[in-house]
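Results of the structural survey
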Amino acid sequence: MNSKPHAAIIGGGFTGCALALDLQMRGFQVKLFERGEICAGTSGRTHGLLHSGGRYCVDDVEAGRECIQENRILRKIARQCIEFNGGLFIALNDSDVSYGDRFTKGAEECGIETEELTAGQAITLEPNLNPALLKAYTVPDGSFDPLRLALSFAATARRYGAEFYSYCEVTHLSRTNSGRISGLEFLNRHENQLHEIRADVVINATGAWAGNIAAMVNVTVPVRPTPGVMVAYDQRLVQRVINRLCIPDDGDILVPQRRMVLIGTTSFDHDDVDYIPVYHEQIKLMHERAAELVPAVKNAHPRGAWMSARPLIASQGDTRSLTRTFRCFDHEEQGAPGLITITGGKATTCRLMAEKTADLVCQKLGVPANCQTHDLELDSYRQYYARAGN
Amino acid sequence: MNKENWHVTFDVFRQKTCQSVHFDAFPMDVDPDEYVLDVIERIWAFNDRSLTFRHACHHSTCGACGMRVNGVEKLTCITPINQVTHDGGKVRVEPLRNFPILSDLVVDMGEFYLRLDDAKFAQVVTLDAACLPFEKKQQVRENGDFERLVDCLECGMCISACPVALTTSEYLGPAILAAAHQTYQQTNDPEMISLADKQDGVWRCHSAYECTAVCPSNVDPGWRIMDLRKIVLRSQIHKFFSR
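Please read all numbers here as calculations on a predicted model, not as lab measurements. (Residues numbered from 1 in each chain as written. Chains lettered and ligands numbered in written order. Predicted model: local features only at pLDDT ≥ 70, side-chain atom pairs only at ≥ 80, totals over all residues.)

Some remarks on the overall build of chain A
Note the cut-off: Counting from the N terminus, the helices are DSSP H or I runs at least four residues long and the strands are E runs at least two residues long. Our radius of gyration is a C-alpha quantity, and the globule rule it is checked against amounts to 2.2 Å times the number of residues to the power 0.38. Put plainly, a residue is buried at 20 or more neighbouring C-beta atoms within 10 Å of its own, exposed at 12 or fewer, and partly exposed in between, counting only other residues' C-beta atoms, which are placed from the backbone. A residue pair is marked as a contact if its C-beta atoms, positioned from the backbone, fall within 7 Å.
Of the regular secondary structure elements, chain A holds 8 helices and 20 strands. The globule rule puts the C-alpha radius of gyration for 390 residues at 21 Å, and the 21 Å found for chain A is close to it. Seen through its principal axes, chain A has C-alpha atoms that stretch 70 × 40 × 40 Å. Here chain A holds 390 residues, and the buried ones make up 58% of them. Within chain A, contacts between residues separated by at least 24 positions form 74% of all contacts whose residues are at least 6 apart in sequence.

Have a look at this one:
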């Protein structure tokens, strides 16, 4: 007889996969439902930047601190899919230079190690940088393969006994007579068949889609889908991540990955996140911005261009000023006990998001178990495909 | 949009579990510069929610979206429409060959991924090891080499294109042998020689080089299989004379 509490996670992105591992290790029986392939939503389409936190340390100290803490953890537990070569913040004009003081102060506050470089030192490190640069700072940035990062959490979760249902779309959340969420109905898209399962708790980890799942039981989540464009070029023109030393702006980060460099991104509002068109004028803007950081981009060929919808926590105002941190929502107060939503955050902080969500789930269900994912090296992502029972 | 849109018909392979195969035709308005995967995603979003397909990164790092487009293996996220058809033309989309079909365009990569683990294939290696040996020497830093994700995206397209993999699923296939070759180059692990030196290893290859032709990412599995044969022979000769 299995007396484990049952947890159903909706969404197979970074957060869902990391949460499957965390809850399964804490003694839950986890089932994860993803309507497509693992990582087919926002997670797969990330820039792949392992943030040092430097991008946020001035205006969003909380996000900056979370990033550097999780950056160090992921470098230990997910080495198999991370290129860790560091990064630079480069100043190209006087306004960038004056931002440098706020940057070093913020970095110090967040605990991010930086080193100031002269223009000459920076060019020696990365010969393709814009020769007009005025100064630079080193940061511990890296780059990762998105699908493989999610799969490595999922592979480890499966070894502990979690069950993954990919190509299974949740169609309905079921309730008991008293109104408690008690399970869900899903459509297996391979066979076109509906199935039902029961669960003691349902966690909505669908990121930019969180509002759609919440709407199934008439509750709301203040998530603001905020897409941005990214463009990949066919030459690895730098080895380190190159950030513009300025307040977060369009096209301010160039990330090396495999044989490519990727420039991103923009930030705008879009309601239907199932399909977001790639706009030519945004691609053109990315090309110009990338060439400001590394002029040789002008001679490289675009290899791909795509959109990805960040799940930012909604508030009034410009999308750039929205926090990059995350929030857990317990829907009990809204009349849907048994449903919890996790959204916001960054790929870099997915393990921490899972930890905090699992803390809330354990507290709600009275399960006295602590997080054990800080120093557990993840299994080979390929073992996600290990036959069940192995 | 910079140019006039094209009218293109997508003929898409459809099959749900235990059901028969058919093709569905979707007449689409497309920007000739957009990618095949973008149109497939649009078919799912606006025309037919039951369509299943694999995709994740949309920029050729994850290797999930390999399909056969008009009969040829393509990584659909980086294949523009204008490379595979013309205004008024057709785009026939089918799942990869030589893998079990789960539904529609989704194939089961499980066995393939597990074989890559048997070849102890590392995804992140030094920049130097990540490049082909005949490429020009890459940048190195004072305190050692940089790290880089390797070229192989594990998309399975080389297995799909391989005429030998079509005749037997026992054949390890180009991606696995190329992985074993890279592991051997980095570690001299003798297990890689025993993995390759089998009827269903390097000796099964017909050197058709279809694998190298469809590889979207410079792996050159055809060359690697030939080089692995040399490594296997060298090791046998060495063993013979050291008896």
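What to know about the overall build of chain B
Within chain B, the secondary structure is distributed over 9 helices and 9 strands. Along the first, second and third principal axes, the C-alpha atoms of chain B reach 70 × 50 × 25 Å. In chain B, which comprises 243 residues, the share counted as buried stands at 48%. A separation threshold of at least 6 residues defines the contact pool for chain B, and within that pool the share at least 24 residues apart is 62%.

A few points about the packing of helix 1 (residues 14-25) of chain A against helix 8 (residues 350-365) of chain A
All names here are of chain A. In plain terms, the rule: Each axis is a line fitted through C-alpha atoms, and for a helix only the stretch in contact is used; angles between axes span 0 to 180 degrees, taken between their N-to-C directions. Throughout, the term roughly parallel applies to angles under 35 degrees, roughly antiparallel to angles over 145, roughly perpendicular to angles from 65 to 115, and oblique to all others. Helix crossings fall into two classes, left-handed where the near helix is turned counterclockwise from the far one by less than a right angle and right-handed where it is turned clockwise. Three classes are used: nonpolar for Ala, Val, Leu, Ile, Met, Phe, Trp, Tyr, Cys and Pro, charged for Asp, Glu, Lys and Arg, and polar for all others, with Gly counted as polar.
Here helix 1 crosses helix 8 at 50°, and the two axes come no closer than 8 Å. Compared by their axis directions, helix 1 and helix 8 come out oblique. Crossing geometry of helix 1 relative to helix 8 is assigned as right-handed. Of the residues in helix 8, those touching helix 1 at Phe-14, Thr-15, Ala-18, Leu-19, Asp-22 and Leu-23 are Cys-350, Arg-351, Met-353, Ala-354, Glu-355, Thr-357, Ala-358 and Val-361. Among the residues forming the contact of helix 1 with helix 8, the class breakdown is 9 nonpolar, 2 polar and 3 charged.

Details of the sheet that holds strand 3 (residues 49-50) of chain A
All names here are of chain A. Keep this limit in mind: Pairing between strands is defined by DSSP: at least two bridges between them are needed.
Strand order in the open sheet formed by 3 strands is 3-8-4, and the pairing between neighbours is antiparallel. Edge positions in the sheet fall to strand 3 and strand 4 (82-83), since each of these pairs with one other strand and no more. Pairing geometry for strand 3 and strand 8 (residues 142-144), over 2 bridges, is antiparallel. Directly across from Leu-49, in strand 8, lies its bridge partner Ser-143.

A look at the sheet that holds strand 13 (residues 201-204) of chain A
Residues and elements named next belong to chain A. Read across the sheet, 6 strands follow the order 9-2-1-13-20-19 without closing on themselves; strand pairing throughout is mixed. Each edge of the open sheet carries a strand with a single partner, namely strand 9 (163-166) and strand 19 (326-330). On average, adjacent strands in this sheet sit at an angle of 15° to one another, irrespective of strand direction. With 5 bridges connecting them, strand 19 and strand 20 (residues 339-344) associate as antiparallel partners. Opposite Cys-328, over in strand 20, you have Ile-342 as the bridge partner. Its contacts with the sheet place helix 8 against strand 1 (6-10), strand 13, strand 19 and strand 20, and it is angled at close to 20° to strand 19.

Re the interface of chain B and chain A
Contacts between the two partners involve 41 residues from chain B and, on the opposite side, 39 residues from chain A. Every element with two or more residues in the side of chain B that touches chain A is listed here: helix 1 (36-47), strand 6 (101-103), helix 2 (110-118) and strand 9 (147-149) of chain B. For the side of chain B that touches chain A, the class distribution of residues is 18 nonpolar, 14 polar and 9 charged.

Regarding the environment of Gly-222 of chain B
All names here are of chain B. Among the secondary structure elements, Gly-222 is positioned in helix 9 (residues 221-241). Given 22 C-beta atoms within a 10 Å radius, Gly-222 is considered buried. Residues Gly-222 and Leu-132 lie 90 residues apart in sequence; the distance between their C-alpha atoms is 13 Å. When residues no more than four places from it in sequence are discounted, the contact partners of Gly-222 are Ser-207, Tyr-209, Cys-211 and Thr-212.

Section: unusual backbone geometry
All names here are of chain A. The linkage connecting Gly-264 with the following residue, Thr-265, adopts the cis geometry, with an omega of -5°. Within the element layout of this structure, Thr-265 appears in the loop between strand 17 (260-264) and helix 7 (280-293). The phi angle at Asn-218 is positive, at roughly 55°, despite the residue not being glycine. If you trace the backbone, Asn-218 turns up in the loop between helix 6 (210-215) and strand 14 (223-233). A count of 10 C-beta atoms within 10 Å places Asn-218 in the exposed class.

A closer look at the packing of helix 1 of chain A against helix 5 (residues 146-159) of chain A
Angle between the axes and distance between the axes: these two values describe a pair of packed helices. Residue and element names in this part refer to chain A. The contact between helix 1 and helix 5 brings their axes to 8 Å, and the two run at 20°. What the angle tells us is that helix 1 and helix 5 run roughly parallel. For helix 1 against helix 5, the interelement crossing comes out left-handed. Judged by residue contacts, Phe-14, Cys-17, Ala-18, Ala-20, Leu-21 and Gln-24 of helix 1 engage Leu-149, Ala-150, Phe-153, Ala-154, Thr-156 and Ala-157 from helix 5.

A word on helix 1 of chain A
Residues and elements named next belong to chain A. The cut-off we apply is this: Each residue after the first adds 1.5 Å to the expected span of a helix.
The end-to-end C-alpha distance of helix 1, which contains 12 residues, comes to 17 Å, matching closely the 16 Å that a straight helix rising 1.5 Å per residue would cover. Counted residue by residue, helix 1 has 12 buried out of 12 residues, so it is predominantly covered. Within the span of helix 1, buried status applies to Phe-14, Thr-15, Gly-16, Cys-17, Ala-18, Leu-19, Ala-20, Leu-21, Asp-22, Leu-23, Gln-24 and Met-25. Structurally, helix 1 contributes buried residues whose contacts are with strand 1, strand 2 (29-34), helix 5, strand 13, strand 20 and helix 8. Gly-27 sits one or two positions beyond helix 1 and adopts a positive phi of about 105°.

Thoughts on the confidence of the model for chain B
Cut-off, in case you're wondering: Summary of the metric used: pLDDT quantifies the predictor's per-residue confidence within the range 0 to 100.
Scored by pLDDT, chain B has a mean of 95; 96% of the residues are at 70 or more. Predicted complex metrics record ipTM = 0.96 and pTM = 0.97.

Points about helix 2 of chain B
Residue and element names in this part refer to chain B. Our working definition: In this description, one arc is meant: the one made by directions from the helix axis to the C-beta atoms.
Phe-112, Tyr-113, Arg-115 and Leu-116 are the residues of helix 2 that are buried. Viewed along the axis of helix 2, the buried residues span an arc of 160°, placing them on a single side of the element. Close packing links the buried residues of helix 2 with helix 4 (157-161) and helix 6 (174-187). Just past helix 2, the residue Lys-120 takes up positive phi, approximately 50°.

Quick word on the environment of Leu-228 of chain B
Residue and element names in this part refer to chain B. Position of Leu-228 relative to the elements: it lies in helix 9. The class for Leu-228 is buried, based on 26 C-beta atoms found within 10 Å. Apart from the residues within four sequence positions on either side, Leu-228 is in contact with Leu-177, Ala-180, His-181, Ala-196 and Val-202.

Comments concerning the pairing of strand 17 of chain A
Residue and element names in this part refer to chain A. Of all 5 residues making up strand 17, 5 are buried, and the element is well covered by its neighbours. Neither face of strand 17 is open: one carries Met-260, Leu-262 and Gly-264, the other Val-261 and Ile-263, and all of them are buried. Pairing between strand 14 and strand 17: 4 bridges, direction antiparallel. For Val-231, the partnering residue across the bridge sits in strand 17 and is Ile-263.

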